[in-house]
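Summary of the model geometry
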Amino acid sequence: MAHPSQLGFQDAASPIMEELLHFHDHALMAVFLISTLVLYIITIMMTTKLTNTSSMDAQEIEMVWTIMPAIILVVIALPSLRILYLMDEINDPHLTVKAIGHQWYWSYEFTNYEDLVFDSYMLPTQDLLPGQFRLLEVDNRMVVPMESPIRMLISAEDVLHSWAIPSMGIKTDAIPGRLNQTTFIASRPGVFYGQCSEICGANHSFMPIVVEATTLNHFQEWSSSMLET
């Protein structure tokens, strides 16, 4: 959960988000080193008397500033491609959930169950309980078992939406007439919040997403109670 004046990312709640955080730190270090070098060169040029301004040929420095950027790009690109393939990898999911975006709420279908379908609306401010978050809490949370591969099938019924949970590293567009797929594993129990991150209309900012990761026993109890209702 993000908090006021937070400068970094939210704490990772999935292996993919942990990899993204590591890659962010890796790329940021490369940017920091490049910025430091450029600042140093600019400082030297401004403070040192130039004694040879008519030099027209410098093969060594030209080789350096051609090869070094290529090496830096490779160092950044290789871990980026690795994470990109990891995000698309789906191996034997234990549960498949279909999320459908509407104006302006989400509906969920647990395809492993025959009748486990429900809508998820944002709770009005006057209905919030103590400890619940304004504009983020919903009446029906999407409950999933932790440490289990979950496959998400994401689509929309009317306009473009986007199903996004920052702490899990998930952001997948919901497009009418198209079924997008992503996967995640909740590495710890908790309640994780997200919002529609596509400008989908007047109530775009009032489409919260709440995923509750819990134990397998609690998930079975929740699914049984939802099927009974």
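About the thresholds
- Residues numbered from 1 in each chain as written.
- Predicted model: local features only at pLDDT ≥ 70, side-chain atom pairs only at ≥ 80, totals over all residues.
- Heavy atoms only, no water.
- UniProt positions renumbered as here; feature names shortened; annotations may be inferred.
- 1 Å grid on protein atoms, 1.4 Å probe; cavity = no way out; pocket = protein on both sides within 12 Å on 5 of 7 lines; lining within 4 Å.
- Points joined across faces, edges and corners; volume = space filled by probe spheres on them.
- Helix = DSSP H or I, 4+ residues; strand = E, 2+ residues; numbered from the N terminus.
- Nonpolar A, V, L, I, M, F, W, Y, C, P; charged D, E, K, R; others polar.
- Contact = heavy atoms within 4.5 Å.
- Axes fitted to C-alpha atoms, helices over the stretch in contact; angles between N-to-C directions.
- Parallel < 35°, antiparallel > 145°, perpendicular 65-115°, else oblique.
- Left-handed = near helix turned anticlockwise from the far one by under 90°.

Per an unreviewed UniProt entry, the protein chain goes by the name Cytochrome c oxidase subunit 2 and belongs to Salamandra algira. UniProt's Subcellular location (unreviewed entry) comment on the protein chain is quoted here verbatim: "Mitochondrion inner membrane". Quoted verbatim from the Sequence similarities (unreviewed entry) field of UniProt, the annotation for the protein chain is "Belongs to the cytochrome c oxidase subunit 2 family."

1. What to know about the layout of surface pockets
Of the pockets and cavities examined, the second largest pocket occupies roughly 330 Å³. Q10, I165, P166, Y193 and G194 are the residues nearest the centre of the second largest pocket, which is lined by 15 residues in total. Of all elements in the fold, only β6 (161–165), β7 (170–174) and β9 (190–195) reach the threshold of two or more residues within the lining of the second largest pocket. No other element matches the three residues that β9 contributes to the lining of the second largest pocket. For the lining of the second largest pocket, the class distribution of residues is nine nonpolar, four polar and two charged.

2. A short note on the UniProt feature "transmembrane region" (unreviewed entry) in the protein chain
Look at the UniProt record and you will see "transmembrane region" (unreviewed entry) annotated at residues 27–46 and 66–85. Counting secondary structure, residues 66–85 comes out at 100% helix and 0% strand; the distance between its end C-alpha atoms is 29 Å.

3. Observations concerning the environment of V117
Tracing the sequence through the fold places V117 in strand β3 (residues 117–120). Sequence spacing of V117 and S107 is ten residues, and the spatial spacing of their C-alpha atoms is 7.4 Å. With sequence-adjacent residues up to four places away left out, V117 is seen in contact with Y108 and E109.

4. Looking at the packing of helix α1 (residues 15–47) against helix α2 (residues 59–88)
Contact geometry of α1 with α2 gives a least axis separation of 10 Å together with a crossing angle of 170°. As the angle between them shows, α1 and α2 are arranged roughly antiparallel. Between α1 and α2 lies a crossing of left-handed hand. The segment α1 lies against α2, with I16, E19, L20, F23, H26, A30 and I34 engaging I72, V75, I76, P79, S80, R82, I83, L86 and M87. When grouped by side-chain class, the residues that make up the contact of α1 with α2 number twelve nonpolar, two polar and two charged.

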